[in-house]
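A structural walkthrough
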Amino acid sequence: MANIGDVNDQDFQSKVLGADKPVLVDFWAEWCVPCHMVSPVVEEIAQEKGDALSVAKLNVDDNPEVTKKFGVMSIPTLILFVGGEERARVVGARGKDAILREIEPQFAA
Amino acid sequence: MERDVPDTRSVVILGSGPAGLTAALYAARANLEPLVLKGIDAGGQLMLTTDVENYPGFPDGILGPELMEQMEKQTARFGAELLHQGATRVDLSERPFGVWAGDEEWRARTLVIATGASARWLGIPGEDTLRGRGVSSCATCDGFFFRGRDIVVVGGGDSAVEEAIFLARFGTKVTVVHRRGELRASKIMQDRAFANEKLEFVWDSVVEEVLGGDSVESVRLRNVKTGDTSELPTAAMFVAIGHDPNTELFTGQLAMTPTGYLVVEEPSTRTSAPGVFAAGDVVDFTYRQAVTAAGMGCKAAIDAERFLEAEGH
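Residues numbered from 1 in each chain as written. Chains lettered and ligands numbered in written order. Predicted model: local features only at pLDDT ≥ 70, side-chain atom pairs only at ≥ 80, totals over all residues.

**Quick notes on the overall build of chain B**
What chain B contains, in helices and strands, is six helices and 19 strands. What you see for chain B is a C-alpha radius of gyration of 21 Å, in line with the 20 Å of a compact globule of 313 residues. Across its three principal axes, chain B shows a C-alpha extent of roughly 65 × 45 × 35 Å. Per-residue burial over chain B gives 47% buried out of 313 residues. (Helix = DSSP H or I, 4+ residues; strand = E, 2+ residues; numbered from the N terminus. Rg over C-alpha atoms; globule rule 2.2 N^0.38 Å. Buried ≥ 20, exposed ≤ 12 C-beta atoms within 10 Å, placed from the backbone.)

**Observations concerning the domain arrangement of chain B**
Frequently, the measure chosen for interface size is the accessible area removed from exposure when the parts meet. Each domain of chain B was delimited in the assignment, giving domain 1 (7-118 + 243-310) and domain 2 (121-239). Measuring from the centre of the C-alpha atoms in domain 1 of chain B to the corresponding centre in domain 2 of chain B gives 32 Å. (Domains from an automatic or database assignment.)

**Observations concerning the interface of chain A and chain B**
If you look at the interface, chain A gives 15 residues, while chain B gives 19 residues. Considering every element that reaches the side of chain A that touches chain B, the biggest residue donor is helix α2 (residues 33-49) of chain A, with four residues. (Contact = placed C-beta atoms within 7 Å.)

**Re the sheet that holds strand β16 (residues 229-233) of chain B**
All names here are of chain B. In spatial order, the strands read β14-β15-β16; together these three strands make up an open sheet with antiparallel pairing. Strand pairing shows two members of the sheet lacking a second neighbour, β14 (205-212) and β16, which therefore form its edges. Adjacent strand axes in the sheet meet at a mean angle of 25 degrees when their direction is disregarded. Here strand β15 (residues 216-223) pairs with β16 via five bridges, running antiparallel. Considered in β16, the bridge of R222 is made with T229. (Pairing = 2+ DSSP bridges. Axes fitted to C-alpha atoms, helices over the stretch in contact; angles between N-to-C directions.)

**What to know about the sheet that holds strand β1 (residues 3-7) of chain A**
Strand-to-strand pairing in sheets goes through backbone hydrogen bonds, with the strands running parallel or antiparallel. Residue and element names in this part refer to chain A. Strand order in this open sheet of five strands is β1-β3-β2-β4-β5, and the pairing throughout is mixed. Looking at which strands have only one partner, the edges of the open sheet turn out to be β1 and β5 (85-91). For this sheet the average axis-to-axis angle between neighbouring strands, irrespective of direction, equals 20 degrees.

**Concerning the nonpolar core**
Within the largest apolar cluster, 122 residues are counted, with the highest numbers of intra-cluster contacts made by V25 of chain A together with A23, V112, V153, M237 and A279 of chain B. Those residues within four positions of V112 of chain B in sequence are excluded, and the remaining contacts are V11, I13, A23, F277, A279, A300, A301 and A304 of chain B. (Core = buried A, V, L, I, M, F, W, Y, C linked by C-beta atoms within 7 Å.)

**Things to note about the environment of G79 of chain B**
All names here are of chain B. Looking at the element boundaries, G79 is found in the loop between α2 (64-77) and β5 (81-83). Judged by the 14 C-beta atoms lying within 10 Å of it, G79 is partly exposed. Residues G79 and L35, spaced 44 residues apart in sequence, show a C-alpha to C-alpha distance of 9.4 Å. Setting aside residues no more than four positions away along its own chain, G79 makes contact with A28 and E33.

**Observations concerning the packing of helix α4 (residues 158-167) of chain B against helix α5 (residues 187-195) of chain B**
All names here are of chain B. Running from N to C, α4 and α5 point in directions that differ by 30 degrees, and their axes come no closer than 10 Å. Relative to α5, the crossing made by α4 is left-handed. Residues D158, V161, E162, A164 and I165 of α4 lie in contact with α5, whose contacting residues are M189, Q190, R192 and A193. Its residues assigned to classes, the contact of α4 with α5 shows five nonpolar, one polar and three charged. (Left-handed = near helix turned anticlockwise from the far one by under 90°. Nonpolar A, V, L, I, M, F, W, Y, C, P; charged D, E, K, R; others polar.)

**Remarks on the packing of helix α1 (residues 18-29) of chain B against helix α6 (residues 290-310) of chain B**
All names here are of chain B. In the contact formed by α1 and α6, the axes pass within 7 Å of each other and the chain directions differ by 40 degrees. On the basis of the axis angle, α1 is oblique to α6. Judged by the twist between their axes, the crossing of α1 over α6 is right-handed. Across the interface between the two elements, P18, A19, G20, L21, T22, A23, Y26 and A27 from α1 touch A290, A293, A294, M296, G297, C298, A300, A301, I302, A304 and E305 from α6. (Parallel < 35°, antiparallel > 145°, perpendicular 65-115°, else oblique.)

Below, the structure is given as structure tokens:
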């Protein structure tokens, strides 16, 4: 439940921006090697923080609109959306602790 | 209350580039059951390259990430344990050494440090704030976003030229800015660079500032000979000016060069702490090749094995 799975240009509005819970979106692509290192970390975060947070993945190859709209020009990029607004952004492959340090103050009660 | 006794290992290896994985392969084949803490940039710098054409045994070249995948498979086959974590703290003051990754903790009778080196940044205004918005150090990760745009690459070595050639697949024009009057890159890379019609060169110049709002719009250049400054419009700046060794964890615990590389007793891989060995780019600022790193990884495993034998383990 905490892991929404893949989102795309069409359902980004409803599944991410319109979500009740904060959503951490993992912008990635198949050819991006560091992205494959970050994805398992994001899944771990989903398991640990699932009560407070959802996670989703957006493939930048297939979804140019959302990618462009949020000015993603480097992957992996993680963006935390709370109530439809960007609250935090983590660029590059980082460890779980480093990611949580950036995003946790933005969604923790 | 019983206290958890941390797992004690004969060999703990930090890093999973060619040095770390070769050390793991040799240690595993010596039945030392090595533990490898791969680190968040698992696979090392080769993961960020495209074709590796100078690793012996691959006449048609091999992709960096594929080479690392093959090495990892080979180590796993002989029983190395690989964890997708990086060490966050080490205590080398007593043996067995303490190694931590977050809350997890191990004891290591010997330690092989193969944490490699990370891309160096320019440290100029705008670089940090526009990182991920046009400023990058990974062409293979981010080149895609600048299709049909102008791109700047800073640097003049092999990696700068390789990045520039790769980025020419995407960009309309790729301008290489180099602080000297000629490239440091190898002859073969230079020939390729000068043959590529999309590449342009700005010599004797440095980038002083990255300019832009939501994303990179231009860079300010300064000619180091004339002192003249100019602005070059660009959508992206890729930095390829070299690397710094990943040795923060060992500050104050191991002997280092003034620039932070670990010092070893050549031709061995022994560091200043008995039982701690180091291999690859964390030591080597001269050759820095996948194959030399692999060779040093092999030496480190053999050094560790002999150290353990001498201690009666």
